[in-house]
Amino acid sequence: MSAGSEQNESQNVHVRLGDRSYDIVIGKGILPQVEELVSTWLRLDSSTKGTRTVLIVTDSNVAEWANRVQGSFDASGWKTRVFEFAAGESSKKISTIIEAWDALVDFQADRRTVVISVGGGVVGDAGGFIAATYARGIPFIQIPTTLLATVDSAVGGKVGINHPKAKNLIGAFHQPCGVVIDTETLNTLPDREYRSGLAEVVKYGVILDEDFFSYLEQNVHSLNERAPHVLRMAIARSCELKAKVVEEDEFETTGLRAILNYGHTFAHAFEALAGYGELLHGEAVSIGMVYASRLAEKCGRTEQPETEKQVRLLESLDLPTNLSSPESIKMSDVLDRMRLDKKTVGGRLRFILPTRIGHVELIDDVDEAHVIETLREGGLSE
Ligand SMILES: NC(=O)c1ccc[n+]([C@@H]2O[C@H](COP(=O)([O-])OP(=O)(O)OC[C@H]3O[C@@H](n4cnc5c(N)ncnc54)[C@H](O)[C@@H]3O)[C@@H](O)[C@H]2O)c1
Ligand SMILES: O=C(O)C(=O)C[C@@H](O)[C@H](O)[C@H](O)COP(=O)(O)O
Ligand SMILES: [Zn+2]
């Protein structure tokens, strides 16, 4: 695998998007360098730094890391402010955004103010949406502190909030000017959150890279132990794979980017129906991938052993492959929520279905009877 690197060296993954291109810098203990990196990315010279302002968006569990980022800017003469909200998926809502807009007004933010998200995917998505909407768009930096955010949400520019009935329904595309991944921040990440991130890592293997999937299978023990070299490899390879997809289809118009949504048609419906935050995003994706693969079997697009390989890997990483109480969810409710999925066109559901490990396709003529049968076999109620 090519993404490996010495533990103490920083690694760079470049995302080529014309004038919206940016770097993802991956390293250990690099938070003190954040101000320097941001100044380089924004082409600031020392004479203008004293007039610059930064709003750090974070949540109630990540204060330690956000403080370090703030310290790096304070030390270089920036005017800083922290906007902190309650941790968790249920904060990904409009009232949080309104409070942040008020904070920016109070801070007398202008179009040169930089918004920096320090946290997981919720902080990244919300912070990005704040940056995308304030003054019609201001500069944005991602500093992901969950595995899920390092491998997925901090890259690619999808930002937004949830509608009570549908995940991420309200949002924008707003690319960051750069992403700083300090793997040291993952040291404080709780086990359940760590595993949730592993689901999106497995997703890349299924959708794009059979060798990466095999690498994950061969390194289950190290992944479970959070072995630094394997973790670094998983983060770097995931970022590389996502960057390639985003470079080719930034706004999800050709259908290529939609492959990153593998498992998500089921997952997002389950997350919304369980109540935001009950089922973690990665847990829902883990279950959703298994449902999507079983659906692909019914559509004659893949074989059962391809599904079983995914189930085995996910279970060996201690990820769920079915809902804990499927009978409490009605199939018709799932179908209603799926119709709100952003891939749906003219009321017709579209799914990302695997053919084999390493390859998936966007399918828009799935027979709904097969979807219902998949849900029924999962134990959902009529
Ligand atoms: N924009 C995208 O492309 C994209 C991609 C994937 C997921 N997402 C979104 O990301 C969200 C999920 O992200 P997540 O799993 O990071 O959830 P999250 O942001 O809620 O973080 C999970 C939990 O971990 C805590 N936490 C974060 N960093 C920590 C650290 N270093 N130490 C201790 N605790 C820490 C948080 O406070 C939170 O309680 C979902 O809303 C999902 O829809 C977006
Ligand atoms: O970046 C993408 O594109 C993805 O689909 C990545 C997903 O893992 C992520 O959960 C994303 O937020 C889902 O996008 P959505 O458009 O279905 O809300
Ligand atoms: Zn996801």
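Residues numbered from 1 in each chain as written. Chains lettered and ligands numbered in written order. Predicted model: local features only at pLDDT ≥ 70, side-chain atom pairs only at ≥ 80, totals over all residues.

Quick look at helix α3 (residues 63-74) now. Taking 1.5 Å of rise per residue, the twelve residues of α3 would be expected to cover 16 Å, and the 16 Å separating its terminal C-alpha atoms lies within 8% of that figure. Turning to α3, its buried residues are Trp65, Ala66, Val69, Gln70, Ser72 and Phe73. Buried positions in α3, seen along its axis, are confined to an arc of 155° and lie on one side of it. Where α3 is buried, its residues touch α1 (34-41), β3 (53-59), β4 (79-85), β5 (114-119) and β6 (140-144). (Helix = DSSP H or I, 4+ residues; strand = E, 2+ residues; numbered from the N terminus. Expected span 1.5 Å × (residues − 1). Buried ≥ 20, exposed ≤ 12 C-beta atoms within 10 Å, placed from the backbone. Arc of directions from axis to C-beta. Contact = placed C-beta atoms within 7 Å.)

Here the focus is the domain arrangement of the protein chain. With domains assigned, the protein chain is organised as domain 1 (11-188) and domain 2 (197-378). Centre-to-centre, using C-alpha coordinates, domain 1 lies 27 Å away from domain 2. The partner domain 2 presents 26 residues to the 27 residues of domain 1 that form the contact. Where the side of domain 1 that touches domain 2 is concerned, the elements lending two or more residues are β1 (11-15), β2 (22-27), α6 (147-153) and β8 (166-173). The dominant element in the side of domain 1 that touches domain 2, judged by the number of residues it contributes, is α6, at five residues. (Domains from an automatic or database assignment.)

Moving on to the UniProt feature "binding site: Zn(2+)" (unreviewed entry) in the protein chain. Sites flagged by UniProt as "binding site: Zn(2+)" (unreviewed entry) map to Glu200, His264 and His281. The greatest C-alpha distance among the annotated residues, which extend across 82 residues, is 10.4 Å, indicating that they converge on a single site. With respect to the helices, strands and loops of the structure, Glu200 is situated in helix α7 (residues 191-208). The buried category is assigned to Glu200, around which 26 C-beta atoms lie within 10 Å. If we skip the residues at most four places from it in the chain, Glu200 touches Leu148, Val151, Asp152, Gly282 and Val285. By the secondary structure assignment, His281 is in helix α12 (residues 281-298). (UniProt positions renumbered as here; feature names shortened; annotations may be inferred.)

This part takes up the sheet that holds β1. One open sheet accounts for seven strands, arranged β1-β2-β9-β6-β5-β3-β4; its pairing is mixed. Strand pairing shows two members of the sheet lacking a second neighbour, β1 and β4, which therefore form its edges. Put simply, the sheet's adjacent strands are angled 15° from each other on average, direction ignored. Of the strand pairs in this sheet, β3 and β5 are connected by five bridges, and their pairing is parallel. Note that in β5 the partner of Leu55 across the bridge is Val115. Sheet contacts for helix α10 (residues 228-248): β1, β2 and β9 (178-182); angle to β1, the most-contacted strand, approximately 15°. (Pairing = 2+ DSSP bridges. Axes fitted to C-alpha atoms, helices over the stretch in contact; angles between N-to-C directions.)

Glycine aside, residues mostly have negative phi angles, and peptide bonds mostly take the trans form. The phi dihedral of Gln108 is positive, around 55°, even though this residue is not glycine. In this fold, Gln108 is placed in the loop between α4 (94-106) and β5. Positioned with a positive phi, Ala135 is a non-glycine residue whose angle comes to about 50°. Tracing the backbone shows Ala135 in the loop between α5 (121-133) and β6. Note on Ala135: 12 C-beta atoms within 10 Å, which makes it exposed.

UniProt records the feature "domain: 3-dehydroquinate synthase C-terminal" (unreviewed entry) for residues 197-344 in the present numbering. With 66% helix and 0% strand, residues 197-344 has end C-alpha atoms that lie 26 Å from one another.

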